[in-house]
Amino acid sequence: SDGGLRCLAWCCVRTGSVDSTCEGIKQALDRRASDKGKLVESSEPYLTLDDDDVLIHPGKNRPMKLWSCRVDVLEKMAQGSPPEKWSPSLRLTTKEQAAVQEANAPAMVLGRSGTGKTHCIVARIARDSRQNPSEKLLFATRSRKLRKHVEEAVRAALLDDEGKAPSPQSVAKPTYLDATAKSTADDSLLPFLEAQLKPLPASKPWHDRTPVRRRRFYRKDDVDDNERRTGVLYRAKRDAGEITVEDSSDDDDSDTDSDEDIRRPQKATWDASKYVDFATFERWHREVCTVTNKPEPDTCWTQIKSFLKGSIGALFSGEPLTEQQYLSEAWGGRRTLGMDVGLRKRAYQVFKSYENYLSDQERWDACDREVALVQRALRDGFVARSNARPAPFDRAYVDEVQD
């Protein structure tokens, strides 16, 4: 009424929750993460925050999201002329700004869920897109939902104060990939990395490079290993028209067809119809697995995915943990959910039965694909070559890096 600018912040609360919400707001203000102690009562209709002041979300033990907006934009909105696409930027603390503005060195942002790590990545990608329009940028994460969220957030962060998008020539166009294990789509990380590794010459013959339990994922074995080396049975089947030769150029840069290194037919690598997720595992655990007093399916799945096949040791060795390794004291306590030795022994028996099921049914799970990919990269991806191709991306950003 006096012509001054007023900014209203509101939220929707059920009628019966008004009192508790107001009390939560008061407690959140009192608990704000600053060194000033409790909030001092003031007659001013606004709250002044220092650069590193953080408000706690009422009812949730995490920081509250705050957005920054220029006063002239608010004035236009007050006059009834809002931008076509209004996308204010999220307020970042000094430390968060430092991670976003870091020039060239790698940066890692650590924090619990809901503390703004993804927003830092969004701001960093937007900044690099503006400053380095000719560079190739990659964002990768585990979740398809999070990938889409970040892609939309970066697009919004690149809008100017009038809600207009920049010209395509003035900003880089990032590539967004997610690591969905069974996917063969172009927007998935694993197929992309496998395509990058495929043309690399093998530093060792493939049958030595790839552990026995995963050979079928690189090149389908139809005959015994010795028969493969001699090639007798293979050539007999090939000449009889029982099998068809397919390319295997990712395993060897030689085109010779010798008795010692014979090309052999392949089935589709990482066939999505053969993928085993938890629902498939749970059904197998309930209907097929015959281990006596077997642990619950979710317990077994966690042990297999997090330790037996998915631990750092298994990742870099290329093989699952042995029973001796798994039962050792190093794997006790918190890392195995407090399971005693007897329960872990039964969990390992379930794991062995599960591996036999994968082999017999020619199925695979996420760990098989990921470990096979890492092993190929470790063996062949870091070998110095005179004709090495340039890196496919100039900068990479990874969210949920622990996954």
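Cut-offs and rules
- Residues numbered from 1 in each chain as written.
- Predicted model: local features only at pLDDT ≥ 70, side-chain atom pairs only at ≥ 80, totals over all residues.
- Heavy atoms only, no water.
- Helix = DSSP H or I, 4+ residues; strand = E, 2+ residues; numbered from the N terminus.
- Buried < 20%, exposed > 50% of the residue type's maximum accessible area, 1.4 Å probe, protein only.
- Contact = heavy atoms within 4.5 Å.
- Areas by Shrake-Rupley, 256 points an atom, 1.4 Å probe, with all protein chains shown as cover.
- Phe/Tyr/Trp six-rings, centres within 6.5 Å; stacked < 30°, edge-to-face > 60°.
- Pairing = 2+ DSSP bridges.
- Axes fitted to C-alpha atoms, helices over the stretch in contact; angles between N-to-C directions.
- Parallel < 35°, antiparallel > 145°, perpendicular 65-115°, else oblique.
- Left-handed = near helix turned anticlockwise from the far one by under 90°.
- Nonpolar A, V, L, I, M, F, W, Y, C, P; charged D, E, K, R; others polar.
- Core = buried A, V, L, I, M, F, W, Y, C linked by side-chain atoms within 4.5 Å.

**Digging into the overall build of the protein**
Point 1. For the protein, the helix and strand inventory stands at 16 helices and 5 strands.
Point 2. The 403 residues of the protein split such that 33% are buried.
Point 3. Residue pairs in contact within the protein that sit at least 24 positions apart in sequence constitute 67% of those at least 6 positions apart.
Point 4. Looking at the protein as shown, the accessible area adds up to about 24600 Å², and 51% of this sits on carbon and sulfur atoms.

**Some thoughts on the packing of aromatic side chains**
Point 1. Counted according to the given criterion, the structure contains 13 aromatic pairs.
Point 2. Here F281 and W301 contribute two aromatic rings whose centre-to-centre distance is 4.9 Å and whose plane-to-plane angle is 45 degrees, an arrangement assigned as tilted. Highlighted residues: F281 in helix α11 (residues 278-287) and W301 in helix α12 (residues 297-308), separated in sequence by 20 residues. For the pair shown, F281 and W301 are each scored as buried.
Point 3. One aromatic cluster is present, formed by F278, F281, W284, W301, Y354 and Y357 through successive ring pairs.

**A short note on the sheet that holds strand β3 (residues 137-141)**
Point 1. Pairing within the open sheet is parallel, and its 3 strands lie in the order β4-β3-β5. The open sheet has two edge strands with one neighbour each: β4 (175-178) and β5 (395-398). Taken over all neighbouring pairs, the strand axes of this sheet differ in orientation by 20 degrees on average, direction set aside.
Point 2. Where β3 and β4 come together, 4 bridges link them in parallel fashion. Paired with F139 across the strands is Y176, a residue of β4.

**Quick notes on the packing of helix α3 (residues 94-101) against helix α4 (residues 117-131)**
Point 1. Where α3 meets α4, the axes come as close as 8 Å, and the angle between the chain directions of the two elements is 40 degrees. In terms of their interaxial angle, α3 and α4 are classed as oblique. Note that α3 runs across α4; the crossing there is right-handed. On α4, the residues touching E96, A99, V100 and Q101 of α3 are C120, A123, R124 and R127.
Point 2. Considered class by class, the residues forming the contact of α3 with α4 number 4 nonpolar, 1 polar and 3 charged.

**Looking at the packing of α4 against helix α5 (residues 144-157)**
Point 1. Between α4 and α5, the shortest axis-to-axis distance is 9 Å and the interhelical angle comes to 50 degrees. Here α4 is positioned oblique relative to α5, judged by the angle of their axes. The two elements α4 and α5 cross, and the hand of that crossing is right-handed. Contacts from T118, V122, I125, A126 and R130 of α4 reach α5 at L146, H149, V150, A153, V154 and A157.
Point 2. For the contact of α4 with α5, the residue count by class is 8 nonpolar, 2 polar and 1 charged.

**Brief notes about the nonpolar core**
For soluble globular proteins, nonpolar side chains are generally found buried alongside one another.
Point 1. F281, W284, L308, Y326, V350 and Y354 are the most contacted members of the largest nonpolar core, which has 20 residues in total.
Point 2. Elements that contribute at least two residues to this core include exactly α11, α12, α14 (323-327) and α15 (341-361).
Point 3. Element by element, the count of residues in this core is highest for α15, at 7 residues.
Point 4. F281 has contacts with V276, P297, C300, W301, I304, V350 and Y354, leaving out every residue within four places of it along the chain.
Point 5. Judged by nonpolar contacts, the second largest core, of 14 residues, contains I121, V122, V150 and V154.

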